[in-house]
Structure formats: structure tokens, C-alpha cells
Amino acid sequence: MNCRIKNIVVILSLLTLFANSVLFSQLKWLEKDSDNFKLIYLKENEHLAEHILLSAEKALAKLSWIFNYSPTEKIVINIYDINDYGVGSATTVPQNIIRLSIEPLEAGYENMLYTERIYWLLTHELVHIVVNDQSSDIESFTRKLFSKVPPEQVQPSTILYSLITNFHRYTPRWHQEGIAVYLETWLNGGFGRSFSSFDEMYFRTLVLDNEEFPEDINLETIYTHNSFLLGTLHYFIGTRFISYLSIKFGHEKVLLWYTSEPGDFYSGLTAKFADVFGVDFEIAWQNFIEAEKEFQKKNIANLQKFEPTPVRRLTDKSFGWVSQPNVDKNNIIFGSHRSHELADLLQLDVNTGSYKEISTLPTPSMYQVSSTAYDKNFNFLFYTTNNNQLYRDIWVLDINENKQKLLFENNRVGYLTVSETSHDLWGIEHSNGFASLVVSPYPYAEIIPIVKFNMGQEVNQLSISPSGRYLAAVLHQTNGTQLIIKIDTEVLKQSSKCSYDVITDSGSPENPSWSPDEGTLFWNASANGVSNIYKKDFATSETTVLTHTLRGLFKPVYVSPDSLFAFEFTTDGFTPVMIPNVPAEYLPAIDYYGSQVIAKDPELADFRISQQSNENEKAGLKPEEEYSALSNMDINSIVPVISGFQSQKVIGLYSHFSDPMFIHDLQVEIGTSPFNENSVVPKFHLKVKYDYNRKFHLSYDENAADFYDLFNDRKRGMIGRKITLGHTYYWKYDIPHKIKQSTEIAFYNGVQFINDNLVRVSRPDFMVAQTQWNSRDLRRTIGSSDYESGYMFDVTLRVFGDNPDNPEYAGQVTAEWDNFSNWLTKHNTLHLKLGGGYHFDNPNLIQGRFYFGGFGNRYVENVDVKQFRKLFRFPGLPIYSLAADRFVKVMFENNLPPLRFGNAAIGSHLVNHLDASIYSQAMLVHMGKENYWIDLGAQLNFVIKHWFNLESTVSAGIAKAWSKTRSDWEWFISVKLLKN
């Protein structure tokens, strides 16, 4: 390499390291250890450190006793605060890591019963760690050799190593979540889905609607993709099946099914099931379905002993998940997130049942969709976006003018309610694990904090009385009880403390709303195991139940003296209904499935963990330290691999190192070509890539091998060296809208060919620098398999140069715009793409020209299967066969709805769905004689799941291209390994 180029590399490397040190100094990560855990957290969250570590040690001690498990490594817990709702996740590869969002959980529908949320989440996530980290003798041996290897697309042979080092990770999600929820319930003294009224409602409604119960494979391939319940079905079905097994066979056998024993030899889920339970898995699943149906029929028969409340459905439509409804004369305004439709804000006429969209609603949350509040005097509808990721924004929509305005960005405030008199906007802010009551006085110039609640006091679902004098709210306490409380706002504003009156604590009450005279408060609760509507008359202090339903009624609001609006549960979502404002006769109670579990095995009560800590336990905690990413780097994998280079096979070693926060991430593959298949091609091969904080990257390739070159005619491995420095920066990250700039400079030395070794370069030593701006605002609906709405815009500037002593330069600029929209039918998407480019040509740098042609898919691949969408692809022409220095291109693509399969499975491998695309492109180029081209093509993509956790795609395509004087065509079949 030329000395000047070397100097440039050194200077850029030093600048990168300097930028890294500045950035890292701003993170302020801390760590604190206990005997079995390492907690990583930010300074502002250190108030939780002791509580989390003590809770984790207690939960682990009980789980170690249950499974006879001893951890062989410290379990890392990383807490973060980048969401407005709490959530947890866990993995055992490459390390045992739990990640917890510390905010209050998303409330609603009694979808889960919990105590103190962080402790409750830890018990759930630690079940995943213990179950998946167990090892047989042979797994323990392979882990010593290779570590616990994560599957990596860059080197797919890691799939095999991952299977032999952590086999228990590769089971269906219902199987994983089933045992976690089952044990979470008993570890927390009965607080969990085993006693959830939502779960009972779901299964009861399946029977009432005469719907089919999902088979285990259908659950993976169809139900969790098309249902508005999405992945929560894994929790419902998994927990129910495990509970059935516990009732039928006892909890000891259930635990044995999930236990790795020393002599186990990679026995699959169903094989071990037959060994443990003595019955075929498929037969047991059918028996479970029949038992569930009989259980629910008994509950339904018991409920039907008394006449249900008459319910008038306003429409046959179900709206999936719904937000709090708001009354505007004869209209109900609410947010909706239903299957096969984009989330939106709707206006429903209670007289006709007709409805219309008044605004789209990006980033809905799972249960509440969005926080909404309506000021009927101003006709202002307030709503939140970014409800499921990052920080919420508050918008206001003037319904009369159909104008919307962003009021507060990234304010983290939800559960909105607005006063009809003062027009003050109230809400609950989540920050650093706390919930705070806030208010924004009209005209909404600022948000003023009123009171911060204690850790564990989760306040939500605010409702202000018409006069603005009283706030009703839901309060969830650390002992698991849930209350509806009433707060006097005048007293609140005069005091730094929040005093309140308890309205009710029966049946997990929620969704309070006021009558116009504020003399009555309405809510829904599951006192008998079914969500019904209640009211309290403040004049008489009487609480009255208004409904007796077989399904479930939620979110009541006053419409008239004799009628209330509510949502009724169906298996397709929540349906708007009207109910009479009269007392119900009687409420029979249902039986919970969890009651049968504990009746079968009373010793499950011994699983309960005491949350009380003593000074001896605290003594085991280590002092707080600054987190060192370098000292926390660990081995993800070191495995022997085989790759390809040109026409040679390469035997080598692949290694991956990172710290738990991925501040430092290093991959190295080194190998040699020992078989003398080509005496001219180099024998030594090296590929190194380092990422810092997922923002900066540095790579060095020397005759770099590529696994995929083993199978393909078009080889990506280049003779020569390549050094790359890169940086990624997000100018905007406000999901779904993201604006990203990617900048990279690459130095090539001794390179003869580029573009899969099909295009010869003019000189072997050169440099390519580029920066790319990408703006995307793309959305999809439940049931889709690709983007269905929105746009993407991309601009790239690229410079080529060589010979520093006598510099030669070439440059190019390209731009492309993509637009997606639904048409004709659900999930049928029209994709329009416009693109163009201009090249500042230099005959001495021919590698800088545009090269068109081909599908781009190789026989075995690791890139996006829809290569025809890329700017320089032109199926029908041979790959890279058309060179140009400027061009304009347009593409029309019709993406057909995905075809989902049922039981198309062999063992742990199943066909998930089929995608099909039909498209046509037209291109005008400048260079040579053939300036105008069109093509027509089609592509099929079969998406296949392996071992329930991994994915591959089998693709086939055909296309024909025409110009004025000639035509050409091509076809391909390709397999893509793993998912990008």
C-alpha cells in the first residue's frame, strides 16, 4: 500500500478512537455485582440496583432448588429506560443476559396479574435463563470447546455449534413462555396468567364463537401473524397447555420435561415428551383442546344460569385493540389497531354504526393503542404516538378544521384526560421507573409536574370529572392489589402529597369514567372472573353492577341516562356495543384454570418466594463500580469453520468477542487454503471487523474468505486487501420515521476485480469514499409480511480516487424514492420506485461507473431476497452486463398477500408462508447503443422456519428484458440462510 494511503488510515483511525473516547465518556454506565449477578445500569437508575440484585438472588435460589441448577457464569442484568412501558427479555447465548425496561407495565384488561413489577419480571425472565442454560454432559463438553455459540449469518456453520452447545433454546415460543408463566405464577404466590381473567375470556370466547383451537404448528405459522393478539397467543396457549399437563400428570413431570439430565443426548421436544408423559405429543395436544373446551363449557353453563344483560352491537366489525373511547354528541372517537389494517383514530356514529378514519396512528402500543382525550367544547382530540417504543409524543387534532399539531415531543406522558371547563390536560409521566402526575394548563405551553408517586405505585387510566374538580385513576400496588381512587385536584394543588379516596378494590377495577353531573363513576372489573360494568353513586355511596355478560365488557362511557357505551370482547378484537344503564340481576362466578392446578398440586404453594430481605443478604452485594466495556468483553464463540475463496476451500477459525452492552464487538476469521486447488490464488485469508457502540466500524480484509463462495459461481472473495472505516449517525430516530446517515471510506490494495469478481478494475490500488442519507417512514399491518404503507428516500454521494502522487478522481450521485401503498385487497401492496444517477466519468477509473443487470440472487445467499428492488439490479439482463454513466429508472411492483400454511412441517422445520411479487421496470441509460430497457418479472419466496427459532428463504424468479434491438431473460433458484 502507498505510504500516503497508510498515513491517511492511521490519521482516520486516531480520529475514530478519539471520537469513541468522547462518546463513551458520556454514557456513564455503572456496574454492581452480587454472588450470581452483574447489574449494568446508568447513574440515574442506581436507586434500583440493590433491590434488583436482592430480588434476582432470591428468585435464582428458588429456581436452582426447583431445577437442581447451578449457574456456571454470572448472569448479566442490564436495565434501561428508553421505553415508556416496562418489558423484559432474556437470552442464554452467548451469555446469560436479562434486559429490563424499568418503567411501569402497560396496564389493561387484567391481561396479567403481577406484584412489584421488577421483581415479577425477574422471576419470569430467570425461568428462561435457568431452563435454557441447563446442560447435559455432552452440552457441557461442547461449551468448554466452543462457548455457547449464537447463530450468525456471516458464518452459518455457527448454527450447528449453537445447536450442540445450547439445544434447549431451540423450542417453540409457546413452549418457552408456557413454563415461564406457569412458574412465574407460583413463584409470586398466584400472581400470573394462570389466574388471569383475560386468558379465561379468550378461551371462553373461542367456545362461544365456535372457533377452532390452534394446533401447535398453526400457532407458529398462522395465528400469531393474523390475530390482533399477536405474540401474546404464545403466552395464552403455552401457559394453558403446561397447566393442563400439570393437572393431568402432576408438576413433577412438567418440570422433568424441562430439565436437562446428564445422560440426555439432544432429545427433541416431542421425543422427550413421550418419554416423560408416556403419551404421544399430538394426542396430548388434542386431549388438551378437548379438556379446555369442557372446562369452558362448564363455566359458560354456570354463567347462563342467569339471563345475560342485553347487549346491542353497533356494528358487526371488530376493531382489534382499542383506546379509551371519547363521546362527541352522537359519535364515539377512539383509536384502533386491528388485523390487516393500519392503526388509526376512528369516529363511530352510535345511531348508524358507520365509522370513518379521522387520522392515522403510527406506533400503537399493544393493549391501549394510544392515550386519547377529547375536549368536546373545543373539538380537540389529544392523542399520543410512539406508544410502543422510545418516548411518547402528544398531538392535538382539531376535528373541525382537520388540522393536527405536535404539542410535546418525547415527553413520556400518557393516560391523558382533559377538563371540559378549564381545558387543562392531565396525564401520567413515566421516567426512571417512577410514575408522576402532570398537568399542562391551556393553551398547553408547558407540562407541570404535580406529584411523583413512590416506586411501585403505578397510576394509570386517568379520568377527570366534568367540572375538573376530581380525578379518578387506577392505582396498582406492589402487593398486587389494584384500586380505583378519587383525587381532589384542589387539595392536590395545595399539597405536595397525593391523598385519595378508594372507590373500589374488587376484581382488578379499571377504566373509570364520569357521568355528566359527576355524581356517578363507571368502570369495569372482573369480580366474578368476567369483566362487567359497575357504577358508584356518590350521593348514596352505593356500588352497583350493571351487566352480566358471558364474554367481557370494557371501557364504559356515559351516553344517555338509560345507555352506556362499552367494548365487548370477541376473538377478532373489541366490538362497540350499547348496554342499558340498569342493575344486573346476579353475577355467577367462573372457575379459574389455575385453581385446578393448585388443587392437583398444593405443594406448588411452596414455590412462593418471600420478597423480604435482611442485612445478611445485603452483605453479599459488591460496591458500585464504573462499567468497563473492555474488561467485560467475553468470548461469544471460537469455532473451526470452512469457507470459500475463489475456487478454493478455506479451513479456518471464526471467533467473536463482545461485551454485554455491545460497546465493543470484534469478529475475526482467519484461515488457509490447504488443498492446492489453485496454485496461483493466495493461501492466507484474514477478515477482521470491529464495531464500537454500533456507530463506528473498522474492518480489514486480506484475501478475505466467504462461506457463501463454497456454493456460488459468483465469488465475493477478492484477491487483495481492503481497509474500511465507517460511521453511522441517526439524524432522526422517531419510529417509524428514521433518518440515517452512513459514511464509509474504503482503501483497496492489489485488487483486480470487484462486483463479485466480474468487473475488472483499471488500477489495483484505489479508494472509495461514500456517504448515504436514508429517510424512511414505513408501516405494516398485522398479517403482512412486508411494508405496506409509507415511503423511503435515499441519496448517495460516492467518490473514487487512486494514485496519490498523481491523483485521479471519479464521482457519482444516486437518488431513489420508494412508495408503498395498499390497493385492491388487504396486504396487496403497490410498490413504486423511482431512481436515477449521474457519474462524473474518468476512463482511468472504470470501476466507478454504474453496472446494471441480473436478479442478484446467488445459489446460497445472505442478503435480502428481493434483490430486484435494488437500484442497480435489472433482471433479464446478465448481471453487471450493462455499464452507464447516467440513468433514470422506474419500477412498478405488485406484492401479493402472503399465503400462510398450516401443518406444512417435518419435525422442527416448517413452511411459514409464501410471498409472491410481479414487477416491471423501465430504464433509460447513457452509454453505448442500447439506451432504453424494460423488463417484466416475477418472484416467489418460501419462508421456512428451522428449530422454531431460525429462518431461511427459498426463492425462485424469472424475468425477461427488452431493448429496441434485442431481448434477454434469466431465472434463478436461491436459498437464503438466516434472517437479516
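All of the points below concern the structure found in this document. Just so you know, these numbers come straight off a predicted model, no measurement behind them. Every residue gets a number counted from 1 within its own chain, in the order that chain's sequence is written. Totals for whole chains, interfaces and linings use every residue, but because this is a predicted model, local features are given only for residues with pLDDT of at least 70 and side-chain atom pairs only at 80 or more, for both listing and counting. For side-chain calculations, the full set of non-hydrogen atoms in the structure is used, while hydrogens and water are omitted.

Looking at the overall build of the protein
Link 1 in the chain: Regarding its fold elements, the protein presents 15 helices and 54 strands.
Link 2 in the chain: Over its C-alpha trace the protein gives a radius of gyration of 30 Å, about what one expects of a compact globule, namely 30 Å for 980 residues.
Link 3 in the chain: Projected onto the principal axes, the alpha-carbon positions of the protein cover approximately 95 × 70 × 55 Å.
Link 4 in the chain: Of all intrachain contacts in the protein linking residues separated by at least 6 positions in sequence, the fraction that spans at least 24 positions is 59%.
Link 5 in the chain: All accessible-area figures derive from a Shrake-Rupley calculation using a 1.4 Å probe, and residue coverage is judged against the displayed protein chains alone. For the protein, the computed accessible surface area is about 38900 Å², with 54% contributed by carbon and sulfur atoms. Segments assigned H or I by DSSP are reported as helices when at least four residues long, segments assigned E as strands when at least two residues long, and all are numbered from the N terminus. We compute the radius of gyration from the C-alpha atoms alone; for a globule the expected value is 2.2 Å times N to the 0.38, where N is the number of residues. A contact between two residues is defined here by any heavy atoms of the two lying within 4.5 Å.

Points about the environment of Leu725
Link 1 in the chain: You can see Leu725 is positioned in strand E37 (residues 721-734).
Link 2 in the chain: Spatially, the C-alpha atom of Leu725 lies 9.0 Å from that of Phe747, the residues being 22 residues apart in sequence.

Notes on unusual backbone geometry
It is generally the case that most residues other than glycine have a negative phi and that most peptide bonds are trans.
Link 1 in the chain: With an omega dihedral of -5°, the bond running from Val93 to Pro94 counts as a cis peptide bond.
Link 2 in the chain: Positionally, Pro94 belongs in the loop between strand E4 (87-91) and strand E5 (97-101).
Link 3 in the chain: In the segment running from Tyr442 into Pro443, the intervening peptide bond is cis, with an omega of 15°.
Link 4 in the chain: Within the secondary structure layout, Pro443 lies in the loop between strand E18 (434-440) and strand E19 (448-452).

Points about the sheet that holds strand E30 (residues 573-580)
Link 1 in the chain: Two strands are counted as paired when DSSP detects at least two bridges linking them. An order of E6-E30-E29-E28 is seen for the four strands of this open sheet, with the pairing classed as antiparallel. In this open sheet, the two strands that pair with only one neighbour each are strand E6 (312-313) and strand E28 (553-560).
Link 2 in the chain: When strand E29 (residues 563-570) meets E30, the two strands line up antiparallel, connected through eight bridges. Among the inter-strand pairings, Ser563 is bridged to a residue of E30, identified as Pro580.
Link 3 in the chain: Every axis corresponds to a line fitted to the C-alpha atoms, with the helix fit spanning only the stretch in contact, and the corresponding angles, defined between N-to-C directions, vary from 0 to 180 degrees. Across the sheet, helix H7 (residues 197-208) lies against E28, E29 and E30, angled at about 75° from E29, the strand it touches most.

Quick look at the side chain of Thr814
Link 1 in the chain: Locating Thr814 in the fold gives a position in strand E43 (residues 808-822).
Link 2 in the chain: With residues near it in sequence (within four places) discarded, Thr814 still touches Asp794, Val795, Thr796, Gly836, Gly837, Phe850, Leu871, Phe872 and Phe887.

So, the packing of H7 against helix H9 (residues 232-249)
Link 1 in the chain: In contact at an axis separation of 11 Å, H7 and H9 are set at 85° when each is read in the N-to-C sense. In this view, H7 runs roughly perpendicular relative to H9, as classed from their interaxial angle. Contacts from Phe198, Asp199, Glu200, Tyr202 and Phe203 of H7 reach H9 at Leu233, Phe236, Ile237 and Arg240. Each angle gets one of four labels, with under 35 degrees taken as roughly parallel, over 145 as roughly antiparallel, 65 to 115 as roughly perpendicular, and the rest as oblique.

Remarks on the side chain of Gln939
Link 1 in the chain: Here Gln939 is to be found in strand E52 (residues 932-946).
Link 2 in the chain: Buried residues are those whose accessible area, probed at 1.4 Å on protein chains only, stays under 20% of the maximum for their type, while exposed residues exceed 50% and partly exposed ones sit between those limits. On the accessibility criterion, Gln939 (1% relative accessible area) is buried.
Link 3 in the chain: By the criterion applied in these results, polar contacts are pairs of N or O atoms within 3.5 Å in which, for protein atoms, one can donate a hydrogen and the other can accept it, and in which residues neighboring in sequence qualify only through two side-chain atoms. Side chain to side chain, Gln939 and Asn941 meet in a polar contact 2.9 Å long.
Link 4 in the chain: Excluding its chain neighbours within four sequence positions, the residues that come into contact with Gln939 are Phe855, Asn857, Val865, Lys866, Phe868, Asp915, Ala916, Ser917, Ser955, Ala956, Gly957 and Phe972.

Side note on the pattern of salt bridges
Link 1 in the chain: Salt bridges are counted wherever a side-chain nitrogen of Lys or Arg sits within 4 Å of a carboxyl oxygen of Asp or Glu. Tallied over the full model, the rule gives 42 salt bridges.
Link 2 in the chain: For Asp133, the salt bridge identified is with Arg143, shortest N-O distance 3.5 Å. Of this pair, Asp133 sits in helix H3 (residues 117-133) while Arg143 sits in helix H4 (residues 137-146), and the two are 10 residues apart along the sequence.
Link 3 in the chain: Look at Arg143 and you get buried, because its relative accessible area is 14%.
Link 4 in the chain: Between Glu568 and Arg313 there is a salt bridge; the shortest N-O distance is 3.0 Å. Placement of Glu568 in strand E29 and of Arg313 in strand E6 is noted, with a sequence separation of 255 residues between them.
Link 5 in the chain: Exposure remark for Arg313: the relative accessible area of 37% places this residue in the partly exposed category.
Link 6 in the chain: Put simply, Asp709, Arg714, Arg716, Asp756, Arg858 and Glu861 are held in one network by salt bridges that share partners.

Overview of the packing of aromatic side chains
Link 1 in the chain: Pairing of aromatic side chains requires ring centres within 6.5 Å, counting the rings of Phe and Tyr and the six-membered ring of Trp. Pairs whose planes differ by under 30 degrees are stacked, by over 60 edge-to-face, and all others tilted. Under the definition given, this model contains 73 aromatic pairs.
Link 2 in the chain: The interplanar angle of 80° and the centroid separation of 5.2 Å between the aromatic rings of Phe382 and Tyr444 together place this pair among those described as edge-to-face. Separated by 62 residues along the polypeptide, Phe382 in strand E13 (residues 380-385) and Tyr444 in the loop between E18 and E19 bring together distant segments of the chain.
Link 3 in the chain: Taking the centre distance of 6.4 Å and the plane angle of 50° together, the rings of Tyr692 and Phe696 count as tilted.
Link 4 in the chain: For Tyr692, a relative accessible area of 3% gives the class buried.
Link 5 in the chain: Each residue in the set Tyr109, Phe198, Tyr202, Phe203, Phe213, Phe228, Phe236, Trp321, Tyr367, Phe554, Phe569 and Phe574 is aromatic and connected to the rest through ring pairs, giving one cluster.
Link 6 in the chain: Above the face of the Phe434 ring, Lys452 is positioned so that its terminal group lies 4.6 Å from the ring centre.
Link 7 in the chain: Cation over ring: Lys486 sits above Tyr470, and NZ or CZ is 4.6 Å from the ring centre. The rule for a charge over a ring is simple: NZ of Lys or CZ of Arg within 6 Å of the ring centre, and within 35 degrees of the ring normal.

Notes on the nonpolar core
Link 1 in the chain: By size, the foremost hydrophobic cluster in this structure holds 114 residues, and its most contacted members are Phe67, Ile77, Ile179, Leu183, Phe241, Trp257 and Phe574.
Link 2 in the chain: If sequence neighbours within four positions are ignored, Ile77 has contacts with Phe37, Lys38, Leu39, Ile40, Ile52, Ala56, Ile98, Leu100 and Leu122.
Link 3 in the chain: Ranked by size, the runner-up nonpolar core spans 21 residues in total, among them Ile428, Ala435, Phe453 and Cys498. In plain words, nonpolar cores are sets of buried Ala, Val, Leu, Ile, Met, Phe, Trp, Tyr and Cys residues tied together by side-chain atoms within 4.5 Å.

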